[in-house]
Amino acid sequence: MAEGERQSPPDSSEENPPATQNFLIPKKEIHTVPDMGKWKRSQAYADYIGFILTLNEGVKGKKLTFEYKVSEVEEQAAKQNVPVYEFILLACAIEKLVALLNTLDRWIDETPPVDQPSRFGNKAYRTWYAKLDLEAENLVATVVPTHLAAAVPEVAVYLKESVGNSTRIDYGTGHEAAFAAFLCCLCKIGVLRVDDQIAIVFKVFNRYLEVMRKLQKTYRMEPAGSQGVWGLDDFQFLPFIWGSSQLIDHPQLEPRHFVDEKAVNENHKDYMFLECILFITEMKTGPFAEHSNQLWNISAVPSWSKVNQGLIRMYKAECLEKFPVIQHFKFGSLLPIHPVTSG
């Protein structure tokens, strides 16, 4: 695909799949480096990157605190060409997903770290994860309507993959990608509408980030596949993409301001990118230019639109085209490994 070319989001014809669809338990398909070609040609890759770019466009110039007023529901429903009741159902699905993430958060409180010799990788995480492993399908079933119950085992796999690895007690961009895949699958079966990018990113994904940060801090999780000072961030990537889109054409905040402690403290609740910067400065000591060199360099880019475009290119190159990350990605009926179909 030519650089900068936009790929389409998941085809709306694939949403609300027929009850006869054969759902599959997702499995690994990328076993060797040459298999990466299959991934880049796959329907899964096309749908995944299309989903990421659609959300990127939807949050452009909007604050995290953006809210629809009740009086605007009919207007928004008309704008998206859907019945009002569908718009309300979407809101219910969003609230149910937030409730699911709140449950994961509560389980952290119920599973305190254990005393152990090593500082990192607290083994209590395995107890927490075992609970999710046991309950994942039940949690997903609270979000998915009963007529789509057959999809639950497939979709639940992506939820389990999205919170880190229980053997290594680590977390990284591959796990983050699994959560984006989880949301993409919910769009493909019609539980979420890809049109409502704002609620998906600001309500659900942002809550996911909060829970992941709590996991990382509570259990001192290792960064999976971290490039250290040469990487963008130890744990996340997508909030930098969507967060830079939020800041496009901001009247005051420019990229140079995100290394300004005062600007971050005053604006982090409105912008995902600045929330990420705040978390980094809380977790790391020393000069920002030393512990986060890539981000320091990005602060010199003249505009947020250029930052956003550069981060999308970097995400493809450093995450989606790296075998150590994609070897763990799983493919089923909703995100299939078969080559992309025309149209």
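Residues numbered from 1 in each chain as written. Predicted model: local features only at pLDDT ≥ 70, side-chain atom pairs only at ≥ 80, totals over all residues. Heavy atoms only, no water.

Within an unreviewed UniProt entry, the label attached to the protein reads Serine/threonine-protein phosphatase 2A activator, and the organism entered is Microcebus murinus. As recorded by UniProt, the Sequence similarities (unreviewed entry) comment attached to the protein reads in full: "Belongs to the PTPA-type PPIase family." Turning to the protein, the UniProt record has this under Catalytic activity (unreviewed entry): "[protein]-peptidylproline (omega=180) = [protein]-peptidylproline (omega=0)". (UniProt positions renumbered as here; feature names shortened; annotations may be inferred.)

Visitor: In this structure, what is going on with the overall build of the protein? I would like to understand it.
Guide: Tallying secondary structure elements over the protein gives 15 helices and four strands in all. In the protein, once contacts between residues fewer than 6 apart in sequence are set aside, the share between residues at least 24 apart is 78%. Counting only carbon and sulfur atoms, one obtains 52% of the accessible surface of the protein, whose full area is about 15,900 Å². (Helix = DSSP H or I, 4+ residues; strand = E, 2+ residues; numbered from the N terminus. Contact = heavy atoms within 4.5 Å. Areas by Shrake-Rupley, 256 points an atom, 1.4 Å probe, with all protein chains shown as cover.)

Visitor: Explanation requested: empty space enclosed by the protein in the structure shown.
Guide: Unoccupied space between atoms shows up once a probe the size of one water molecule is rolled over them. Inspection of the entire model under this criterion finds one cavity of 30 Å³ or more. For the largest cavity, the calculated volume is near 40 Å³. Surrounding the largest cavity, Arg213, Gln216, Asp233, Phe235, Gln236, Phe240, Cys276 and Phe279 form its lining. Elements supplying a minimum of two residues to the lining of the largest cavity: α8 (197–218) and α11 (272–283). By residue class, the composition of the lining of the largest cavity is four nonpolar, two polar and two charged. (1 Å grid on protein atoms, 1.4 Å probe; cavity = no way out; pocket = protein on both sides within 12 Å on 5 of 7 lines; lining within 4 Å. Points joined across faces, edges and corners; volume = space filled by probe spheres on them. Nonpolar A, V, L, I, M, F, W, Y, C, P; charged D, E, K, R; others polar.)

Visitor: What is the right way to look at α8 in this model?
Guide: An α-helix turns once per 3.6 residues; consequently, residues spaced three or four apart project the same way. Relative to the 32 Å expected for 22 residues at 1.5 Å per residue, α8 spans 30 Å between its end C-alpha atoms, a close match to the ideal helical length. Residue Phe205 marks the point of greatest curvature in α8, where the axis turns by about 30 degrees. Trailing α8 by a residue or two, Arg220 shows a phi angle of about 45 degrees, which is positive. (Expected span 1.5 Å × (residues − 1). Bend = angle between axes of the 7 residues up to and from the residue.)

Visitor: Looking at this model, I keep getting lost on the nonpolar core. Mind explaining?
Guide: Side chains of nonpolar character tend, in soluble globular proteins, to be buried together. Residues Trp128 and Phe273 are the most contacted members of the largest nonpolar core, which totals 109 residues. Ranked by the residues each element gives to this core, the list is headed by α8, at 12 residues. Excluding residues that lie within four positions of it along the chain, Phe273 makes contacts with Pro239, Phe240, Gly243, Ser244, Gln246, Leu247, Phe258, Leu295, Trp304, Val307 and Leu311. (Core = buried A, V, L, I, M, F, W, Y, C linked by side-chain atoms within 4.5 Å. Buried < 20%, exposed > 50% of the residue type's maximum accessible area, 1.4 Å probe, protein only.)

Visitor: Mind showing me how you'd approach the confidence of the model for the protein here?
Guide: Low-confidence regions, as indicated by low pLDDT, have predicted coordinates that should not be scrutinised in detail. Looking at the protein, pLDDT values average 88 and 85% of them are 70 or higher. Residue range residues 1–15 is modelled with pLDDT below 50. Its contacts to residues more than four positions away, or to other chains, number 30 contacts. (pLDDT = per-residue confidence, 0-100.)

Visitor: Please clarify how unusual backbone geometry should be interpreted in this entry.
Guide: A negative phi holds for most residues other than glycine; trans holds for most peptide bonds. We note that Ile169 has phi near 50 degrees; this positive angle belongs to a residue other than glycine. When you line up the elements, Ile169 lands in the loop between α6 (152–161) and β2 (170–171). Judged by relative accessible area, which is 3%, Ile169 ranks as buried. Notably, Asp249 is not glycine yet its phi reads approximately 65 degrees, a positive angle. Mapping Asp249 onto the fold places it in the loop between α9 (238–246) and α10 (261–267). Given a relative accessible area of 72%, Asp249 falls into the exposed group.

Visitor: How should I be thinking about the environment of Val340 in this particular structure?
Guide: On the secondary structure map, Val340 appears in the segment after β4 (330–331). The spacing of Val340 and Lys38 is 302 residues in sequence and 10.0 Å in space, taken between C-alpha atoms. Every residue in contact with Val340, bar those within four places of it in the chain, is listed here: Arg41, Ser42, Gln43 and Ala46.

Visitor: How should I be thinking about the packing of α8 against α9 in this particular structure?
Guide: Between two packed helices, what matters for the description is the angle formed by their axes and the separation of those axes. It is at 12 Å that the axes of α8 and α9 come closest, and there the two elements cross at 140 degrees. Classed by the angle they form, the pair α8 and α9 counts as oblique. Classified by chirality, the crossing of α9 by α8 is left-handed. Seen from α8, the contacting residues are Val201, Phe202, Phe205 and Leu209; seen from α9, they are Leu238, Pro239, Trp242 and Gln246. Class assignment for the residues of the contact of α8 with α9 results in seven nonpolar, one polar and no charged. (Axes fitted to C-alpha atoms, helices over the stretch in contact; angles between N-to-C directions. Parallel < 35°, antiparallel > 145°, perpendicular 65-115°, else oblique. Left-handed = near helix turned anticlockwise from the far one by under 90°.)

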